[in-house]
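Report on the structure
Residues per chain, in single letters:
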Amino acid sequence: MSLISQNLQAVHEAIAQAAQRYDRNPTDIVLLAVSKTFPAEDVVAAWQAGQIRFGENYVQEGVDKIARVAELLGLPALNQGRADASAPEWHFIGPIQSNKTRPIAEHFSWVHSIDRDKIATRLSEQRPDNLPALNVCIQVNISGEASKSGVAPNQCAQLARHIHSLPRLQLRGLMAVPEATENEVEQRRAFAALRELSKQLAQGGIVLDTLSMGMSGDLAAAIAEGSTMVRIGSAIFGKRNYAV
Ligand SMILES: *Cc1c(COP(=O)(O)O)cnc(C)c1O
């Protein structure tokens, strides 16, 4: 068994344990394998171990890897949509510059990191007609750090309404990358704030099905507070070679 498949099994066990501990149904928590900085061959190893969903942070790296993985797996070329349910599903989770939206709209199934109207508008305009609507999450700056990307919590409803008005986007949920801390109480406080924001949006008529929160270091806290999608990189693929 490859190291990646052993790591995947350990992550599935950690998800199951946290789900049991916090009274969640483990099937309500989707695993997104974050493959940034790792080669296409590692994605293929994870796919062979049953992993379907992959996350990328950098546009060019992601687009190149999507093509290479399709080639290695003998799948149809880019821009054809997913060949079947077992084909890899690609999620863009990194910061988005407005001049880089087109390749994202053309090659990914999900975008987790929308933080302003202009990016949403461009992704909707550039989503090819032969593909289903792009699934999107709003990234929220939940810890209020000046340097972090994400919309301020009090601007989230306005952005959600804008996305709702766009024909080629399907608003699925909220995403956050809270300030890194090993303190589980603080981790949970940030994730609880994202969950509360989602609840407020629902009260205003915007009902979402996704809370994209939890990484290798705070997976249990995220599950405790209602995560439906955890984004796990290093616990699956190992330590990254450059800081990201
Ligand atoms: C890198 C990254 C992850 C995965 O982080 P790990 O700590 O390696 O699990 C998740 N989400 C985002 C937005 C990232 O940039």
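Our structure's up above, just so we're on the same page.
In this report, we go over the structure that sits alongside the text.

Thresholds, definitions, all that
Residues numbered from 1 in each chain as written. Predicted model: local features only at pLDDT ≥ 70, side-chain atom pairs only at ≥ 80, totals over all residues. Heavy atoms only, no water. Helix = DSSP H or I, 4+ residues; strand = E, 2+ residues; numbered from the N terminus. Rg over C-alpha atoms; globule rule 2.2 N^0.38 Å. Buried < 20%, exposed > 50% of the residue type's maximum accessible area, 1.4 Å probe, protein only. Contact = heavy atoms within 4.5 Å. Areas by Shrake-Rupley, 256 points an atom, 1.4 Å probe, with all protein chains shown as cover. Lys, Arg positive; Asp, Glu negative; His and termini not counted. Charge placed at Lys NZ, Arg CZ, Asp CG, Glu CD. Pairing = 2+ DSSP bridges. Right-handed = clockwise from strand over helix to strand, strands pointing away. Axes fitted to C-alpha atoms, helices over the stretch in contact; angles between N-to-C directions. Parallel < 35°, antiparallel > 145°, perpendicular 65-115°, else oblique. Left-handed = near helix turned anticlockwise from the far one by under 90°. Core = buried A, V, L, I, M, F, W, Y, C linked by side-chain atoms within 4.5 Å. Arc of directions from axis to C-beta. Salt bridge = Lys/Arg side-chain N within 4 Å of Asp/Glu carboxyl O. 1 Å grid on protein atoms, 1.4 Å probe; cavity = no way out; pocket = protein on both sides within 12 Å on 5 of 7 lines; lining within 4 Å. Points joined across faces, edges and corners; volume = space filled by probe spheres on them. Nonpolar A, V, L, I, M, F, W, Y, C, P; charged D, E, K, R; others polar. Near = heavy atom within 4 Å. Polar contact = N/O pair within 3.5 Å; in protein donor to acceptor, adjacent residues only side chain to side chain.

Some details on the overall build of the chain
The secondary structure content of the chain amounts to 9 helices and 8 strands. Taking 18 Å as the expected radius of gyration for a compact globule of 244 residues, we find that the chain reaches 17 Å, a close match to that expectation. Over its C-alpha atoms, taken along the principal directions, the chain stretches across nearly 45 × 40 × 30 Å. Relative to its full complement of 244 residues, the chain shows a buried share of 51%. Across the chain, the fraction of contacts at a sequence separation of at least 24, relative to all contacts at a separation of at least 6, is 63%. Of the roughly 11500 Å² that the chain leaves accessible, carbon and sulfur atoms contribute 48%. Of the charged side chains in the chain, 24 are positive and 25 negative, and the gap between their average positions amounts to 3 Å.

A few points about the pairing of strand E4 (residues 110-114)
By the criterion of burial, E4 is predominantly enclosed, with 5 of the 5 residues buried. Of the pairings in the sheet, the one linking strand E3 (residues 89-92) to E4 comprises 2 bridges and is parallel in character. Looking at the pairing, Phe92 lines up with Val111 of E4. One crossover worth recording links E3 to the parallel E4 by way of helix H4 (residues 101-107), and it is right-handed. Two elements, E4 and strand E5 (residues 134-139), share 3 bridges in a ladder whose sense is parallel. Bridge pairing in E5 links Trp110 to Asn135. Of the crossover connections in this fold, the one passing from E4 over helix H5 (residues 117-126) to the parallel E5 is right-handed.

Some points on the pairing of strand E2 (residues 53-56)
Along a regular strand, successive side chains alternate from one face of the sheet to the other. Pairing of strand E1 (residues 30-34) with E2 involves 2 bridges; the strand directions are parallel. Looking at E2, one finds that Val34 is bridged to Gly55. Where E2 and E3 come together, 4 bridges link them in parallel fashion. Within E3, the residue paired with Gly55 across the bridge is His91.

Quick notes on the packing of helix H2 (residues 40-48) against helix H3 (residues 59-73)
Contact geometry of H2 with H3 gives a least axis separation of 9 Å together with a crossing angle of 55 degrees. Classified by the angle between their axes, H2 and H3 sit oblique to one another. The handedness of the crossing between H2 and H3 is right-handed. Listed contacts from H3 to Ala40, Glu41, Val43, Val44 and Trp47 of H2 are Lys65, Arg68, Val69, Leu72 and Leu73.

Things to note about the nonpolar core
With 65 residues, the main nonpolar core has Ile138 and Leu174 as its most contacted residues. Leaving out residues up to four positions away in the same chain, Leu174 has contacts with Cys137, Ile138, Val140, Cys156, Leu194, Leu197, Ser198, Leu201, Leu208, Thr210, Leu211 and Ser212. By size, the runner-up hydrophobic cluster in this structure holds 7 residues, among which are Leu32, Val34, Trp110 and Met175.

Remarks on helix H6 (residues 156-164)
For an α-helix the count is 3.6 residues per turn, leaving residues at separations of three or four pointing the same way. Taken residue by residue, H6 has Cys156, Leu159, Ala160, His162 and Ile163 as its buried positions. On an axial view of H6, the arc spanned by its buried residues comes to 160 degrees, and they lie on one face. Where H6 is buried, its residues meet E4, H5, E5, strand E6 (169-175) and helix H7 (184-203).

So, the pattern of salt bridges
Enumeration according to the criterion identifies 11 salt bridges in this entry. Salt-bridge contacts for Glu61 lead to Lys65; the nearest nitrogen and oxygen are separated by 2.8 Å. Pair noted here: Glu61 and Lys65 are both in helix H3, with a separation of 4 residues, about one helical turn. Assessed through its relative accessible area of 6%, Lys65 is described here as buried. The closest approach of N and O atoms between Arg195 and Glu225, which form a salt bridge, is 2.5 Å. In this pair, Arg195 sits in helix H7 while Glu225 sits in the loop between helix H8 (219-224) and strand E8 (229-232), placing the two residues 30 residues apart along the sequence. We classify Arg195 as partly exposed; its relative accessible area is 30%.

Looking at empty space enclosed by the protein
A full pass over the atoms with the stated rule returns 1 cavity of 30 Å³ or more. When its volume is computed, the largest cavity comes out at roughly 40 Å³. Forming the walls of the largest cavity are Val140, Asn141, Ile142, Ser143, Glu145, Lys148, Ser149, Val177 and Pro178. Its residues assigned to classes, the lining of the largest cavity shows 4 nonpolar, 3 polar and 2 charged.

Section: the site of the ligand
The local shell around the ligand holds 13 residues, among which Lys36, Asn57, Ser216, Ser234 and Arg240 are the closest. Within the backbone of Gly233, one N or O atom sits 2.8 Å away from an oxygen atom of the ligand. A distance of 2.8 Å separates an oxygen atom of the ligand from a polar backbone atom of Ser234.

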